[in-house]
Amino acid sequence: MRYLLSLFLLLLTAAAVAQPTARQSINSNWLFRKGDGTDFSKSPPTAAGWEPVSLPHTWNAQDAFDDVPGYYRGAGWYQQTLFVPAGPAGRRVYLEFEGANQVAEVYVNGQKAGEHRGGYTAFRVPIEQLLHPDAAAGNAVLVKVDNSYNADIAPLTADFTFYGGLYREASLLTAGPVHFDLDNYASGGIFLTTPRVSAEAAEVVAKATLVNDGRAPRRVVLTQQVLDSAGRVVARQQSRLTLAAGTPQTVAQTFRLARPRLWSPARPYRYRVVSTIAEANTVLDEASNPLGLRWFRFDAAQGFFLNGQPLKLMGASRHQDYAGLGNAVPKALAVRDVELLKEMGGNFLRIAHYPQDPAVLLACDRLGVLVSEEIPVVNQITESEAFFQNCKTMQTEMIRQGFNHPCVILWTYMNEVLLSIRGQDMSDTKGQAYLSSVARLAQELDDLTHREDPGRQTMLAMHGDFKLYRKAGLTAIPQVIGWNLYQGWYSPDFEGLDKFLDTHRRELPDKPLIISEYGADADVRLHAQNPVRFDKTPEYAVRYHQYFSQAILRRPFVAGGAIWNLANFGSEGRQEATPHVNAKGLLTFDRQPKADYLFYQARLLTRPFVRIGSRDWTLRSGVAAAADSLFCAQTVEVYTNQPTATLQLNGRPLGTHAAENGVARFRVPFTNGLNQLAASTPAPGPAGHDEVDVQFQLVPLDLQSRALPFQELNVSMGDQRTFTDPPRQQVWLPEQAYRPGGWGYVGGRIFVQANTSRVSYGSDRDILGTAYDPIFETQRIGIEQFKADVPAGDYDVTLHFAELQYLPTAEKLAYNLDKAAAAGTTAAAPSQRSFGVRANGRLLLPDISPATGLLPQTALSQTVRVTVAAGQGLTLDFVPHQGEAVLNGIQLRRR
């Protein structure tokens, strides 16, 4: 510890001598504790009760994903001792935090240094006046962060988790008396614009604000140079200035470049602008900023144009959190997300719904990804001047901090802001006043954005209620409209998408549009041969994205689309098959590609591409096609941008099929054990070939088969999907009716959730006490028997139950699907269900009821051992005592 502090002191001392602004990471050696009501700003903290942490850090990485409703939203405290060397008179010292959610108060040596409201933009706090005069003395830094609900700070509600903490990096900045402006909304004080760019010439204006915090005027030279990617100077300007003490001075210098190298997704060429303040050949401060030369426009009829050429914007939105980390994500993982988008073939990133780590924009600059960035005004607003002012401050911070990045083309300021009033009658005075307030805030943010940056365009993202947003006047305000559309997911028909887009073109012919969200949940454990809406299978997600991508690509007036979402993300209030996670990502929460990611590679990449789909489905199972057969035919998708694909199974050709909209589908006769699939296309070399090994567990049609002896059976009742469990090497098959010689249910019906048109079977509620929610979310209700004509032997029989009819009231969220649950249940009391289970006439489980663990929305599993005699088979009788018997899943395993 002493060594680290000494090294830190040495580095800062060197920086002070060199004069230019120095930045030193202060991510290590913090202490943290959750708030307990103690105001540590008034009561000096000790080390007792504090835990050591490093930044980035959040206190919600775990509790936002457990079975206990809610997560900690309150105060958290951080403390550290900083050693800051002495410096010249007039020097400035700042603490900089790249993100603290959402209200931060900073104290130094017991005195308040500053505060920041809003959880997603960087901020700086000047501290030089609060430091100990003795450089050898440590300075006590205390930071209070609070992520409690605050009606004056956006977001108020949203479909993502509001993790608390110092969740991005922090730095100590030291600057000499003369420096570039550091008190400009945490920007660098230098702003680059490109008033004119073409293939023949470019004009660049570098506007720098210089500050003299000394006591006397200073005669300085401002030199700004444009350097190419090799570091060669291609343009240079100098200005001689006299800086008055205490008065910032802004200087604009203009550069002209002949035949510039242009920035684009295909060739993201970057220059640098290096700005230097010098006095008598001594450098006082220096800064470097990225420069990309490009021009663009949106056209309501023809879409988006970059550097004079049409370009369809295709990409995804991104939330910043990560499995196991919450939002405390290292920069390397944030950058990797942009790389994954680019590797998919994407050229557009919607940074949603808030500004993210500065490394994201840097990566987009480098990789050639165009960006829309936004502030988190989501779902609703508060009609207060404090809320309005905080939104304006956020928008200003976002713009000034991201101003110099060539990747940014859109500043966005609202998302689905009328979602919270969906279905309400807004015709009364109060409703009209609210709509007017929303429109007033939108107009003020739009005006502010144009004042801050007239060279870029504005966007407002709206959910798919065309009439409501038009009635509110919101469609007239931004330059570009973003529509969040989910036809085929939240609404039933894909064709509704075509109707909606055509309505926009007809009713708003002068307004460019982007489909700013579209997506479908996919749980990689679930699969279906005949996928349907809301079954959460990757197979349905691919069909969904086939339709949407085709609709976007074939309409010139649709400027582009941003898939929702690049990766799964945390949303604590969500239930469904993956509780507390929105599973619409093309990548899993830990960034493993899903089938729809591979599909987009086939649609968007220009280099030859082929991948066998469902690479996460390499453990499969199914029932043999006939009593005397040893195979089961299932569909396999191959994704490719080539015209055809050929598939082989264990070296045997299965045929050559045309790829339609990027997908070629094959029926594959899987056999028990290892199945080696190989796909090829007309493209030569490795790029035209792919291989996948599939382990297949073949279940005999006739359970008495000698050719394929029965060993194990796992069945998800009331389900039409398979559920794969790789850690246990088990596959759950969908239920089937009993057939002599085989297995299946007798009697009953599939459980269908009441008051929803979305889920065609099962429930969408979080099941407590299990990680296998999909198994317990489906059910056969009123079941009479389950029969399996297994051979003689000893068997472990595991029965799985959950009460799905009688559920507690759920939190009212637009994203949870069960309307009855959201409004409260009027169903009969749970105590009305009671039944027993017999095996071959012997009573195994006398009472399954609330008294023995059959509780609402809670997993209950019971394992019993059964001996089956020759020719007897297994018959489980479900004997109702009160109400109807239910069964969610069953497992048979021969001992």
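Owing to the predicted nature of the structure, the values given are computational and were not obtained by experimental measurement. (Residues numbered from 1 in each chain as written. Predicted model: local features only at pLDDT ≥ 70, side-chain atom pairs only at ≥ 80, totals over all residues. Heavy atoms only, no water.)

Draft legend 1. Representation of the pattern of salt bridges within the structure. What the rule picks out here adds up to 47 salt bridges. Between Glu339 and Arg336 there is a salt bridge; the shortest N-O distance is 3.4 Å. You can see Glu339 and its partner Arg336 sitting in helix H2 (residues 331-343), 3 residues apart, about one turn around the helix. We classify Arg336 as partly exposed; its relative accessible area is 31%. (Salt bridge = Lys/Arg side-chain N within 4 Å of Asp/Glu carboxyl O. Helix = DSSP H or I, 4+ residues; strand = E, 2+ residues; numbered from the N terminus. Buried < 20%, exposed > 50% of the residue type's maximum accessible area, 1.4 Å probe, protein only.)

Draft legend 2. Structural detail: the environment of Gln238. Relative to the elements of secondary structure, Gln238 occurs in strand E15 (residues 233-243). Of the residues examined, Gln238 reaches a relative accessible area of 40% and is grouped as partly exposed. Expressed as a C-alpha distance, the spacing of Gln238 and Leu674, which sit 436 residues apart in the sequence, is 71 Å. Beyond its immediate sequence surroundings of up to four residues, Gln238 is in contact with Val221, Leu222, Thr223 and Gln253. Here the side chain of Gln238 touches Thr223 through a polar contact of 3.0 Å, side chain to side chain. (Contact = heavy atoms within 4.5 Å. Polar contact = N/O pair within 3.5 Å; in protein donor to acceptor, adjacent residues only side chain to side chain.)

Draft legend 3. Spatial organisation of the side chain of Thr475. Tracing the sequence through the fold places Thr475 in the loop between helix H6 (466-471) and strand E27 (480-484). In this structure Thr475 touches Met462, Tyr469, Arg470, Ile481, Trp483, Leu508 and Lys511, once residues within four positions along its chain are discounted.

Draft legend 4. Spatial organisation of the sheet that holds strand E21 (residues 309-310). Here 3 strands make up an open sheet; going across it, the order is E19-E20-E21 and the pairing antiparallel. Only two strands of the sheet have a single partner each, and these edge strands are strand E19 (296-299) and E21. Across 2 bridges, the pairing between strand E20 (residues 303-306) and E21 is antiparallel. In the sheet register, Leu306 faces E21, and the bridge partner there is Gln309. (Pairing = 2+ DSSP bridges.)

Draft legend 5. Representation of the environment of Ile767 in the model. Examined against the element boundaries, Ile767 turns out to sit in the loop between strand E45 (749-750) and helix H10 (773-777). A residue is classified by how much of its surface remains accessible, and Ile767, at 0% relative accessible area, is buried. Separated by 89 residues in sequence, Ile767 and Ala678 place their C-alpha atoms 39 Å apart. Sequence-distant contacts of Ile767, defined by excluding residues within four places in its chain, comprise Asp67, Asp773, Phe776, Glu777, Leu804, Gln857, Thr858 and Ala859.

Draft legend 6. View of unusual backbone geometry. Note the cis peptide between Leu55 and Pro56, where omega equals 0°. One can find Pro56 in the loop between strand E3 (51-53) and strand E4 (75-82). Residue Gln102 follows Asn101 across a cis peptide bond; omega there is 0°. Positioned with a positive phi, His580 is a non-glycine residue whose angle comes to about 70°. Assignment of secondary structure puts His580 in the loop between strand E31 (569-570) and strand E32 (581-582). In this structure, Asn661 is a non-glycine residue whose phi angle is positive, near 55°. Summarising the element assignment, Asn661 is placed in the loop between strand E37 (652-658) and strand E38 (663-671).

Draft legend 7. A look at the nonpolar core. Of all hydrophobic cores here, the largest spans 127 residues; its most connected members are Phe298, Leu418 and Leu474. It is helix H5 (residues 429-452) that provides the largest number of residues to this core, a total of 8 residues. Setting aside chain neighbours within four positions, we find Phe298 in contact with Gly303, Phe304, Leu313, Ile409, Leu410, Gln457, Val480, Pro512, Ile514 and Ala559. Within the second largest apolar cluster, 37 residues are counted, among which are Leu713, Val715, Tyr795 and Leu854. (Core = buried A, V, L, I, M, F, W, Y, C linked by side-chain atoms within 4.5 Å.)

Draft legend 8. How the structure looks around the confidence of the model for the protein. The pLDDT averaged across the protein works out to 93; a share of 95% of its residues lies at or above 70. Segment residues 1-18: pLDDT under 50, and 24 contacts once partners within four positions in sequence are set aside and those in other chains are kept. The model gives residues 816-830 a pLDDT under 50, and that stretch makes 37 contacts with residues more than four places away or in other chains. (pLDDT = per-residue confidence, 0-100.)

Draft legend 9. Here's a closer look at the packing of helix H8 (residues 538-553) against helix H9 (residues 595-604). Two elements in contact, H8 and H9, have axes separated by 9 Å at closest approach and are oriented at 30°. As far as their axial angle goes, H9 and H8 are roughly parallel. Classified by chirality, the crossing of H9 by H8 is right-handed. Within the contact between the two elements, H8 uses Pro538, Ala541, Val542, His545, Gln546, Ser549, Gln550 and Leu553 and H9 uses Ala595, Asp596, Phe599, Tyr600 and Arg603. (Axes fitted to C-alpha atoms, helices over the stretch in contact; angles between N-to-C directions. Parallel < 35°, antiparallel > 145°, perpendicular 65-115°, else oblique. Left-handed = near helix turned anticlockwise from the far one by under 90°.)

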